[in-house]
Amino acid sequence: MACVLTRNKLKCLIFGDAKELSNNVLPTFEDVMQYYLFVKHKLKPETTSKEPSVSSIAEIIAVDLKKVWLKASIPVVSHTRVLQMIKTYHDKYRNILKSAKSRINIETFKKKLENFQSEAKNSLFDIAACKCVVLSLCNCEKSRKVPTIEQVFIIDQRTTRKMVMTLIDISTTKKLQKKIIRKETDAKRIEKKNCQ
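Per chain, the residues get numbers from 1 upward, laid out in the order the sequence is written. In keeping with the model being predicted, local features are shown solely for residues with a pLDDT of at least 70 and side-chain atom pairs are shown and tallied solely at 80 or more, while totals for entire chains, interfaces and linings include all residues. Hydrogen atoms and water are omitted, and side-chain values are computed over all heavy atoms in the structure.

1. What to know about the layout of surface pockets
There is about 1,000 Å³ of room inside the largest pocket. With a 1 Å grid laid over protein atoms only, a set of points is called a cavity when a 1.4 Å probe fits there but cannot get out and a pocket when it is open yet has protein on both sides within 12 Å along at least five of seven lines; lining residues have an atom within 4 Å of a point. Forming the walls of the largest pocket are 30 residues, and the residues nearest its centre are A72, S73, I149, E150 and L176. Only DSSP runs of H or I covering at least 4 residues are called helices, and only runs of E covering at least 2 are called strands; the numbering of each starts at the N terminus. Broken down by secondary-structure element, the contributors of at least two residues to the lining of the largest pocket are α5 (151-158) and α6 (170-195). For the lining of the largest pocket, the element with the highest residue contribution is α6, accounting for seven residues. Grid points are joined across faces, edges and corners, and a volume is the space filled by probe spheres set on the points.

Structural data, given as structure tokens:
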């Protein structure tokens, strides 16, 4: 039997409502944790009180995060690193949540909580393989570099977050497909030459 999700069940003291990831912007820490809560409630069986493991939830989130980043044509870090980032931030969230219930009325804790929420809302959950601040001066290896056409987008997502992803750019897609076909043909030619 499917679990019935109500708004009250999906509400978090720190991050508010649980919700799915958006496919048109790169997610912030807040987006990732709201999606974490969504997946957690989706996986939780109705009959038992046992919570799904952090690892199983993180696995689902990591796959979906990578899909969003790859849709933006931005190379990402390894799957293991994405899992590690999710688990580390979840631990940070749990530590704040533990003390929130008993210290919610203390002024210093309120400020700490506000800072945590603000940072989560405004900071990109950055799993890009290239972390260079000035992308035009990037010295990363080619497979890790942000494509020139996507550099403006990644800079925007790391700062003001005004841009969004829309439908597929047909001309760019055709260019990329031709490039892939050319590389495959070259690889086959080289392999054939080496065999002779």
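On we go from here.
2. Details of the packing of helix α3 (residues 79-103) against helix α4 (residues 107-122)
Remark: α3 packs on α4, axes separated minimally by 11 Å, with the N-to-C direction vectors making an angle of 150°. On the basis of their axis angle, the class for α3 and α4 is roughly antiparallel. Two packed elements cross with a definite hand, and for α3 against α4 that hand is left-handed. On the side of α3, the interface is formed by Y89, K92, Y93, I96, S99, A100 and R103, while α4 contributes F109, K112, L113, F116, E119 and A120. Classifying every residue of the contact of α3 with α4 gives eight nonpolar, one polar and four charged. Think of each axis as a best-fit line through the C-alpha atoms, taken over the contacting stretch in the case of a helix, with angles from 0 to 180 degrees between the N-to-C directions. Just so you know how the angles are binned, under 35 degrees is roughly parallel, over 145 roughly antiparallel, 65 to 115 roughly perpendicular, and the rest oblique. Rotating anticlockwise by less than a right angle from the far helix to the near helix defines a left-handed crossing, while the corresponding clockwise rotation defines a right-handed one. We call two residues contacting when some pair of their heavy atoms lies within 4.5 Å. Think of it as three bins: nonpolar holds Ala, Val, Leu, Ile, Met, Phe, Trp, Tyr, Cys and Pro, charged holds Asp, Glu, Lys and Arg, and polar takes everything else, Gly as well.

3. Looking at unusual backbone geometry
A positive phi is found at S73, a non-glycine position, where the angle reads about 60°. Position of S73 relative to the elements: it lies in the loop between α2 (54-71) and α3. Burial classes: relative accessible area under 20% of the type maximum marks a residue as buried, over 50% as exposed, and values in between as partly exposed (1.4 Å probe, protein chains only). Owing to a relative accessible area of 33%, S73 belongs among the partly exposed residues under this scheme. The phi dihedral of R161 is positive, around 60°, even though this residue is not glycine. With respect to the helices and strands, R161 occurs in the loop between α5 and α6.

4. Considerations on the pattern of salt bridges
In what follows, salt bridge is the name for a side-chain nitrogen of Lys or Arg lying within 4 Å of a carboxyl oxygen of Asp or Glu. One pass over the full model with this rule turns up nine salt bridges. Note that E51 is salt-bridged to K44, the shortest N-O span being 3.2 Å. Its relative accessible area of 24% is what places K44 among the partly exposed residues. A salt bridge links D126 to K131; its shortest N-O distance comes to 3.6 Å. D126 gets classed as buried once you look at its relative accessible area, which sits at 16%.

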